[in-house]
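# Topology and contacts: notes
Each chain, written out:
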Amino acid sequence: VARDGREHHIADSAAPIRGAEGGVEGVVLVFRDVTALQAAQEEIRERRQFLELVLSHAPDAIVTLDAAHRVIDWNPGAERIFGYTPAEAIGRTLDGLVARDEVMAEAGRKTRQVLSGSRVEPFETIRFHKDGSPRHVIAAGSPILVDGVLKGVVAVYTDITARKEAEARLAEAHERFLTVLDSIDATIYVADMQTHEVLFMNKHM
């Protein structure tokens, strides 16, 4: 505590002062003010904790990889989408975990692209769950460069399987509806109310 009442974090050390006979005649005390360092370390700790919470609660799979494309961090979103626990995923190549024969070539191209230092812009593709079931995802990847040197990669996957399945069901229902309309022995057509343009007509029409 300083004379003005302010508190300082310090690193302190002490050493004896020995006389000619070897006896201790005094002590040297060294105090180093580490208040700023302590504050910086606390800020780093808080930021890291905040980032860990973001990764933990993100619905997407966020995977951090080293320069050899091996998993070094596997968030809960990745575990939910792909079924592997962090213990099962860490240390393995990402393509070996989530790609299969039919998309392996594409995955390899994207891997080489990001390992060359280029971003992989979001694209729709298929990756696979641990149980072998396909997952429709939007995938993206970014290189982690430190002073121009590749240190790793971050890959993000957004699961759109439910949306794709809903779209497929909707398309199937639409096709059934058109089949029914075509089977009716009556003239049926749909037109735009403003332009009167015919949008659909059945076979009888």
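Attention in this report is confined to the structure presented alongside it. Just so it is clear, the structure is predicted and the values come from calculations on it, not from any experiment.

The rules behind these values
Residues numbered from 1 in each chain as written. Predicted model: local features only at pLDDT ≥ 70, side-chain atom pairs only at ≥ 80, totals over all residues. Heavy atoms only, no water. 1 Å grid on protein atoms, 1.4 Å probe; cavity = no way out; pocket = protein on both sides within 12 Å on 5 of 7 lines; lining within 4 Å. Points joined across faces, edges and corners; volume = space filled by probe spheres on them. Helix = DSSP H or I, 4+ residues; strand = E, 2+ residues; numbered from the N terminus. Nonpolar A, V, L, I, M, F, W, Y, C, P; charged D, E, K, R; others polar. Expected span 1.5 Å × (residues − 1). Buried < 20%, exposed > 50% of the residue type's maximum accessible area, 1.4 Å probe, protein only. Contact = heavy atoms within 4.5 Å. Patch = residues over 30% accessible without salt bridge, like charges linked within 9 Å, V, L, I, M, F, W, Y side chains within 5 Å. Areas by Shrake-Rupley, 256 points an atom, 1.4 Å probe, with all protein chains shown as cover. Salt bridge = Lys/Arg side-chain N within 4 Å of Asp/Glu carboxyl O. Pairing = 2+ DSSP bridges. Axes fitted to C-alpha atoms, helices over the stretch in contact; angles between N-to-C directions. Phe/Tyr/Trp six-rings, centres within 6.5 Å; stacked < 30°, edge-to-face > 60°. Polar contact = N/O pair within 3.5 Å; in protein donor to acceptor, adjacent residues only side chain to side chain.

### Observations concerning the layout of surface pockets
Space inside the largest pocket adds up to approximately 190 Å³. In terms of residues, the lining of the largest pocket owes the most to one element, helix H1 (residues 35-57), which gives four residues. Here the lining of the largest pocket is composed, by residue class, of two nonpolar, one polar and three charged.

### Quick notes on helix H5 (residues 101-115)
Taking 1.5 Å per residue, 15 residues should reach 21 Å; H5 reaches 21 Å between its end C-alpha atoms and fits that length. Here H5 has its buried residues at Val103, Glu106, Ala107, Gly108, Thr111 and Val114. Its buried side turned inward, H5 meets helix H4 (94-98), strand S5 (120-128), strand S6 (134-146) and strand S7 (149-159). Glycine 117 lies just past H5 and shows a positive phi near 100 degrees.

### Some words on a nonpolar patch on the surface
A contiguous nonpolar surface patch, about 500 Å² in accessible area, is contributed by Ile10, Val24, Val27, Leu29 and Phe31. Looking at the nonpolar patch, the element that brings in the most residues is strand S2 (residues 24-33), giving four residues.

### Let's talk about the sheet that holds strand S3 (residues 61-66)
The strand order S4-S3-S7-S6-S5 describes an open sheet built from five strands, whose pairing is antiparallel. Strands with a single pairing partner mark the edges of an open sheet, and in this sheet they are strand S4 (71-74) and S5. This sheet shows a mean twist of 25 degrees between the axes of neighbouring strands, independent of strand direction. Strand contacts of H5: S5, S6 and S7, with the helix running at about 150 degrees to S5, the strand carrying the most contacts.

### Topic: the packing of aromatic side chains
Overall, the coordinates contain three aromatic pairs when judged by the stated rule. Residues tryptophan 74 and tyrosine 84 carry aromatic rings whose centres are separated by 6.5 Å and whose planes lie at 80 degrees to one another, so their mutual orientation is edge-to-face. Here the residue tryptophan 74 occupies a position in strand S4, and tyrosine 84 occupies one in the loop between helix H2 (76-82) and helix H3 (86-89), the gap between them amounting to 10 residues. Each member of the pair, tryptophan 74 as well as tyrosine 84, carries the same accessibility label: buried. With centroids separated by 5.3 Å and ring planes inclined at 90 degrees, the aromatic side chains of phenylalanine 82 and tyrosine 157 adopt a geometry described as edge-to-face.

### As for empty space enclosed by the protein
Per the stated rule, a full pass over the model turns up one cavity of 30 Å³ or more. Taken as a whole, the largest cavity encloses approximately 150 Å³ of empty space. Around the largest cavity, the lining comprises 16 residues; the ones closest to its centre are His69, Lys110, Thr111, Ala155 and Tyr157. Of all the secondary structure elements, the ones that give two or more residues to the lining of the largest cavity are H4, H5, S5, S6 and S7.

### As for the side chain of histidine 129
Mapped onto the secondary structure, histidine 129 falls in the loop between S5 and S6. A polar contact of 3.0 Å, which involves the side chain of histidine 129, links it to the backbone nitrogen of aspartate 131. Leave out the neighbours within four places in its chain, and histidine 129 touches Ile81, Phe82, Gly83, Arg100 and Arg135.

### Looking at the side chain of aspartate 66
Here aspartate 66 is to be found in strand S3. Of the polar contacts made by the side chain of aspartate 66, one reaches the backbone nitrogen of alanine 68; its length is 2.9 Å. At 2.9 Å, the side chain of aspartate 66 and the backbone nitrogen of arginine 70 are in polar contact. With residues up to four places along the chain from it excluded, the contact list for aspartate 66 reads Ile72, Lys151, Gly152 and Val153.

### Structural notes on the pairing of S6
Relative to S6, S5 runs antiparallel, the two sharing seven bridges. Each residue of the ladder has a partner; that of isoleucine 126, found in S6, is histidine 136. Hairpin remark: S5 followed by S6, antiparallel, with five residues in the connecting loop; positive phi at glycine 132, about 95 degrees. Here S6 pairs with S7 via 10 bridges, running antiparallel. Bridge pairing in S7 links isoleucine 144 to glycine 152.

All quantities given are derived from atomic positions and should not be read as evidence of function.
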